[in-house]
Each structure stands twice: as structure tokens, then as C-alpha cells.
Amino acid sequence: MENILVEMMSNFIDLTDDEKQGILDAFPIKTFIKESFLLKEGQISKDAFVVIKGCIRKYYLQEGEEITSEFYTEFQSAANIDSMVNQKPSKYYLICSEDTTVAIMNSEKENDLYKKFPRFEEVCRVEMEKMLGASQEELLVFKNASPKERYLNLLKERPNLINRVPQYQLASYLGIKPETLSRIRKRII
């Protein structure tokens, strides 16, 4: 399992043994139990997380109600970039929805790795740009879709979430009430 980051990076460039060891040293792997908070509202984020196995839920509170804005599963990155870069308190929570194994990415260690192996910075920047572009496209599609279309898109793009997270969290993620999600599911079946 500890070589997963090396495997992921190897998809982009051929790695030397020193580079492989640098990745393993810079990004420790840790497992958190279900319901563990990785970040709470008001904290300044120090770390980003690459999910190796499990699920992280991102949510914020609105009038005391949890509003789920994202789920991060295998090979996705969960981070509060604004908080990390600008040293601002987080406006949301990151919590493990199930037992979750992550690679912990700390900006200091990451910068040290870039200094030692400069070509990593370009690879990581290009991949970050791709993730940002995909995220913007997903948001646009989401905003213009009806609740039924959002659910159908979820079934198509991320079907594994259906059985991994509670229905009320899925409903919140889709921007609808749990009762509406139940009706949509019944109509589709």
C-alpha cells in the first residue's frame, strides 16, 4: 500500500530510486477511523490528503444544518487550499465517512521535495490544473441540472457513493431533501 503514491507518480514520469524514496519520506500514510475529523471549521489547514482507501466528506454548517459539498474517494485529493495558502480559518469540515487511509501532504515537505526534485513541481502543477478544470466543469453541470439529472449523473459518474454514504448526506450533496431523493429513486426504479 505504501507504494501507491510512487505508482501514481510513475504514471506521469519515470522515477529514480531516490525520487521514489523522496515521495515515501515526504508523504506519510495514515489510517483514520470512521468519523475522524481531518479538518474542522475555524482551524487553519496544514495538510492535504490523497485518499488511498476510504471516503472523506466535506461539509459546512448553515443554520445548524450540515450541508455536504463533496465526497473524496480513492485517488482523489481533499484539501482546503485557501486555508493552507492564505493561512485563513477553514469554513468547512473534512471528516472520514468510513475508515480511511490517506497520504498526508504537508506544504513544507512538499516544497522541500520540489527543491530536491524540481521536475515534480511541474508534474504536480499540471495535475492540479487538470483537477481544477474538472472541478469547474462539474460545478457548471451541477448548477444547470435538475435534481433528477444530478442524481442520474451521480449514478453514472460516481455509482460507488450510493452504497457508501447515508442517503441524507447524498441528498444534501445533490442539493435536495432526503424525501425528494427517495421519490427520484423510486421513479427511476
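The following refers to the structure shown.

Reading the values: rules and limits
Residues numbered from 1 in each chain as written. Predicted model: local features only at pLDDT ≥ 70, side-chain atom pairs only at ≥ 80, totals over all residues. Heavy atoms only, no water. Axes fitted to C-alpha atoms, helices over the stretch in contact; angles between N-to-C directions. Helix = DSSP H or I, 4+ residues; strand = E, 2+ residues; numbered from the N terminus. Left-handed = near helix turned anticlockwise from the far one by under 90°. Contact = heavy atoms within 4.5 Å. Phe/Tyr/Trp six-rings, centres within 6.5 Å; stacked < 30°, edge-to-face > 60°. Buried < 20%, exposed > 50% of the residue type's maximum accessible area, 1.4 Å probe, protein only. Lys NZ or Arg CZ within 6 Å of the ring centre and 35° of its normal. Patch = residues over 30% accessible without salt bridge, like charges linked within 9 Å, V, L, I, M, F, W, Y side chains within 5 Å. Areas by Shrake-Rupley, 256 points an atom, 1.4 Å probe, with all protein chains shown as cover. Salt bridge = Lys/Arg side-chain N within 4 Å of Asp/Glu carboxyl O. Lys, Arg positive; Asp, Glu negative; His and termini not counted. Charge placed at Lys NZ, Arg CZ, Asp CG, Glu CD. Pairing = 2+ DSSP bridges.

**As for the packing of helix α6 (residues 147-157) against helix α8 (residues 167-174)**
In a packed pair of helices, the relevant descriptors are the angle between the two axes and the axis-to-axis distance.
Right, so step 1: Viewed as axis vectors pointing N to C, α6 and α8 meet at an angle of 115 degrees, and their least axial separation amounts to 10 Å. Of the two possible hands of crossing, α6 and α8 adopt the one that is right-handed. Contacts between α6 and α8 pair Arg 150, Tyr 151 and Leu 154 from the former with Leu 170, Tyr 173 and Leu 174 from the latter.

**Some remarks on the packing of aromatic side chains**
Each aromatic ring pair is characterised by the separation of its centres together with the angle its planes make.
Right, so step 1: All chains considered together, the criterion is met by three aromatic pairs.
Right, so step 2: A ring pair is formed by Phe 37 and Tyr 93, whose centres lie 5.8 Å apart and whose planes are at 55 degrees; its orientation type is tilted. Note that Phe 37 is positioned in strand β2 (residues 37-39) and Tyr 93 in strand β7 (residues 93-96), a separation of 56 residues in sequence.
Right, so step 3: Judged by centre distance (4.8 Å) and plane angle (10 degrees), the ring pair of Tyr 59 and Tyr 93 falls under stacked. Of this pair, Tyr 59 sits in strand β4 (residues 56-62) while Tyr 93 sits in strand β7, and the two are 34 residues apart along the sequence.
Right, so step 4: Residue class for Tyr 59 comes out buried when judged on its relative accessible area of 4%.
Right, so step 5: In this structure Tyr 93 comes out as buried when scored by relative accessible area, which is 14%.
Right, so step 6: These aromatic residues form a ring-pair network of at least three members: Phe 37, Tyr 59 and Tyr 93.
Right, so step 7: Sitting above the plane of the Phe 37 ring, Lys 40 keeps its charged end 5.0 Å from the centroid.
Right, so step 8: It is Lys 58 that lies over the ring of Tyr 92; its NZ or CZ is 4.2 Å from the centre.

**Concerning a positive patch on the surface**
Right, so step 1: Taken together, the side chains of Lys 148, Arg 183, Lys 186 and Arg 187 define a basic patch exposed on the protein surface.
Right, so step 2: No other element matches the three residues that helix α9 (residues 178-188) contributes to the positive patch.

**Observations concerning the pattern of salt bridges**
Right, so step 1: One pass over the full model with this rule turns up eight salt bridges.
Right, so step 2: The partner of Asp 82 in a salt bridge is Lys 88, and the shortest N-O contact between them spans 3.1 Å.
Right, so step 3: A relative accessible area of 33% places Lys 88 in the partly exposed class.
Right, so step 4: Across the pair Lys 156 and Glu 157 runs a salt bridge, and its minimum N-O distance is 3.9 Å.

**Quick notes on the pairing of β4**
Right, so step 1: The pairing of β4 with strand β5 (residues 65-72) spans seven bridges and is classified as antiparallel. Pairing of Tyr 59 across the sheet is with Thr 68, part of β5.
Right, so step 2: Across four bridges, β4 lies against β7 in antiparallel orientation. When the bridges of β7 are listed, Arg 57 appears paired with Ile 95.

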